[in-house]
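Commentary on secondary and tertiary structure
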Amino acid sequence: MTRNRSTELLRSPGDPQRPAFLELFFDLAFVFALTQLSHRLIEDLTWSGAFQTLVLLLAIWWVWSLTAATTDRLNPQRSAVQLVVIATMVGGLVMAVAVPDAFGDTGLIFAGAYVAIQVGRGVTLLVVLRDHELRRTAVRILVWSVVSAAPWIAGAVAEDAVRAALWSLAVAVDYTAGLLRHPTPGLGRSPTWQGTVAGEHLAERYRQVFIIALGEDILVTGLALSSRGFTADRTMAFLVSIATAVLMWRIYLHRAGESLADAIAAAPAPDRLARSALRAHLLMVAGIVVTAVGDELLVAHPFGHTQPSSIAVILGGPALFILGRVAFEYAVFRHVSRDRPIGLLVLAAMAPATLLGPPLLAGLAATAVLAGIAVADVVRNWERQPAPPPRST
């Protein structure tokens, strides 16, 4: 009976593959978190500020990715799974609220919420899975969550550089353990789950988190124009920023974005492909967060004095997105369209020249590069070049 009750929690092949309404509800906390991260980077646009924002983004992304993995294996219609997701959402909102001053007075709140989410999820799964084989995986993840909790909490009560170092260590522990499949004394590593990844569900979750990030970019851009009022130059900068968002959406979907579910289904190790796609989406989401910062600067001062930091975000955001898109295409097809690395080289080459002009010039340059990549995609379609088959080896 115990085994049967545990098995009922698992997602079965006959269950709906589309994400549940609960998962979309959970993503609302992630929207808020990304907005907080963008505002934090805008307020501290320095190398140290960028590094701190990266650490916070990695923590928030790890919460989202483990939640997505949980609902990919377990049925979100079950009350126990819903409890885990809702508790994670509440904890994620607390983390997001603490983001602006996480390296100051709210550090313990941010770290405490993060540890509570990770350890609380592990303990709950230990109870509800009981003697199911997935319980061993939950034990491994819980062990490593406890290990990383030490530098998270120690960093929260430290200050300045010590906090940054300890939290960087904590993030490194979490991501390295995940990359190595949580090796644990006496239990070994989590197995490579053959055929148990719900490809359609996971692909849709990745698409949703990408759209959420784009939505955050549009929100930040719209608020920037609304707070400063309509002028000809700001309206032009707003249109350039929206064009950038549209082009990112178009480039993302082209072939790889539409083929991920089929690629996961065809892969001999679907969880390995899913992990590669997850890392690629992290790069793309990070690129969009940085782009949002650049868009706010662009709308606020389209013809102002250009700072190196402004160029770093205006061009660096799209560059990070393209880099992530390259990794995504390679994960799905084992092939990379040459226009994407060319676009990266062009962005790098244009950076010195854009320092000589207003920020709007840099925005136009980034949009032009993205437009060139999108046009190259359309040309390939017109020429009817077949997409490479999703990777099967």
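Above this text you will find the structure in question.
The present account deals with the structure reproduced in this document. All figures in this text were calculated on a predicted structure; none of them were measured in a lab.

1. Considering the overall build of the protein
Secondary structure summary: the protein contains 13 helices and 0 strands in total. Helices and strands appear in the protein in the N-to-C order α-α-α-α-α-α-α-α-α-α-α-α-α. Expected size for 393 residues packed as a compact globule is a radius of gyration near 21 Å; at 21 Å, the protein falls within 12% of this value. Overall size of the protein, expressed as C-alpha extent along the three principal axes, is 70 × 55 × 35 Å. Long-range contacts, defined as pairs at least 24 residues apart, comprise 81% of the intrachain contacts of the protein with a sequence gap of at least 6. As displayed, the protein offers around 16900 Å² of accessible surface, 67% of which is attributable to carbon and sulfur atoms. Positive and negative charge centroids in the protein, built from 31 and 28 side chains respectively, lie 9 Å apart.

2. Observations regarding the nonpolar core
Across soluble globular proteins, you tend to see nonpolar side chains buried next to one another. Counting 110 residues, the largest nonpolar core has F110, W152 and W167 as the members making the most contacts within it. Here this core takes 15 residues from helix 10 (residues 270-300), the largest share from any one element. In contact with F110, not counting residues within four places along its chain, are L56, A59, I60, M95, A98, V99, A102, W152 and W167.

3. A look at the layout of surface pockets
Considering only enclosed or pocket space, the largest pocket measures out at about 870 Å³ in volume. Looking at the lining of the largest pocket, the elements that each hand over two or more residues are helix 3 (47-73), helix 5 (107-129), helix 6 (134-156), helix 7 (160-179), helix 8 (199-228) and helix 10. The biggest single contributor to the lining of the largest pocket is helix 3, with 9 residues. Looking at side-chain class alone, the lining of the largest pocket contains 21 nonpolar, 10 polar and 6 charged residues. Approximately 510 Å³ is the volume found for the second largest pocket. If you go around the second largest pocket, you meet 21 residues; those closest to its centre are L41, W47, A50, V290 and V313. Those elements giving two or more residues to the lining of the second largest pocket turn out to be helix 3, helix 10 and helix 11 (308-333). Of all the elements, helix 3 adds the most residues to the lining of the second largest pocket, at 7 residues. Taken together, the residues of the lining of the second largest pocket break down into 16 nonpolar, 5 polar and no charged.

4. Things to note about the environment of T367
Within the secondary structure, T367 sits in helix 13 (residues 359-382). Placed 52 residues apart in sequence, T367 and L315 show a C-alpha to C-alpha distance of 9.2 Å. Sequence-distant contacts of T367, that is, excluding residues within four places in its chain, are made with V240, A243, T244 and L247.

5. Overview of the packing of helix 9 (residues 232-266) against helix 13
For the pair helix 9 and helix 13, the least separation of the axes is 9 Å and the interaxial angle reads 30 degrees. Considering the angle they form, helix 9 stands roughly parallel to helix 13. The handedness of the crossing between helix 9 and helix 13 is left-handed. Together, M236, A237, V240, A243, T244, L247, M248, R250, I251, H254 and R255 of helix 9 and L360, G363, L364, T367, L370, A371, I373, A374, D377, V378, R380 and N381 of helix 13 make up the contact between the two elements. Taken together, the residues that form the contact of helix 9 with helix 13 break down as 14 nonpolar, 5 polar and 4 charged.

6. Focus on helix 4 (residues 79-98)
Taking 1.5 Å as the rise per residue, helix 4 with 20 residues should run 28 Å; its terminal C-alpha atoms sit 29 Å apart, in good agreement. The set of residues buried in helix 4 consists of A80, V81, V84, V85, T88, M89, G91, G92, M95, A96 and A98. Lining the buried residues of helix 4 we find helix 2 (21-43), helix 3 and helix 5.

7. Quick look at the packing of helix 3 against helix 4
Relative to each other, helix 3 and helix 4 sit at 170 degrees, their axes nearing to 11 Å. The angle between helix 3 and helix 4 places the two elements in the roughly antiparallel class. Contacts between helix 3 and helix 4 involve A59, I60, V63, T67 and T71 on the former and, on the latter, V81, V85, T88 and M95. Among the residues making up the contact of helix 3 with helix 4, the classes are represented as 6 nonpolar, 3 polar and no charged.

8. Brief notes about empty space enclosed by the protein
Evaluation of the coordinates by the stated rule reveals 4 cavities of 30 Å³ or more. Reported here for the largest cavity is a volume of approximately 90 Å³. Elements supplying a minimum of two residues to the lining of the largest cavity: helix 2, helix 3 and helix 4. No other element matches the 4 residues that helix 2 contributes to the lining of the largest cavity. Residues belonging to the lining of the largest cavity are distributed by class as follows: 8 nonpolar, 1 polar and no charged.

Conventions used here
Residues numbered from 1 in each chain as written. Predicted model: local features only at pLDDT ≥ 70, side-chain atom pairs only at ≥ 80, totals over all residues. Heavy atoms only, no water. Helix = DSSP H or I, 4+ residues; strand = E, 2+ residues; numbered from the N terminus. Rg over C-alpha atoms; globule rule 2.2 N^0.38 Å. Contact = heavy atoms within 4.5 Å. Areas by Shrake-Rupley, 256 points an atom, 1.4 Å probe, with all protein chains shown as cover. Lys, Arg positive; Asp, Glu negative; His and termini not counted. Charge placed at Lys NZ, Arg CZ, Asp CG, Glu CD. Core = buried A, V, L, I, M, F, W, Y, C linked by side-chain atoms within 4.5 Å. Buried < 20%, exposed > 50% of the residue type's maximum accessible area, 1.4 Å probe, protein only. 1 Å grid on protein atoms, 1.4 Å probe; cavity = no way out; pocket = protein on both sides within 12 Å on 5 of 7 lines; lining within 4 Å. Points joined across faces, edges and corners; volume = space filled by probe spheres on them. Nonpolar A, V, L, I, M, F, W, Y, C, P; charged D, E, K, R; others polar. Axes fitted to C-alpha atoms, helices over the stretch in contact; angles between N-to-C directions. Parallel < 35°, antiparallel > 145°, perpendicular 65-115°, else oblique. Left-handed = near helix turned anticlockwise from the far one by under 90°. Expected span 1.5 Å × (residues − 1).

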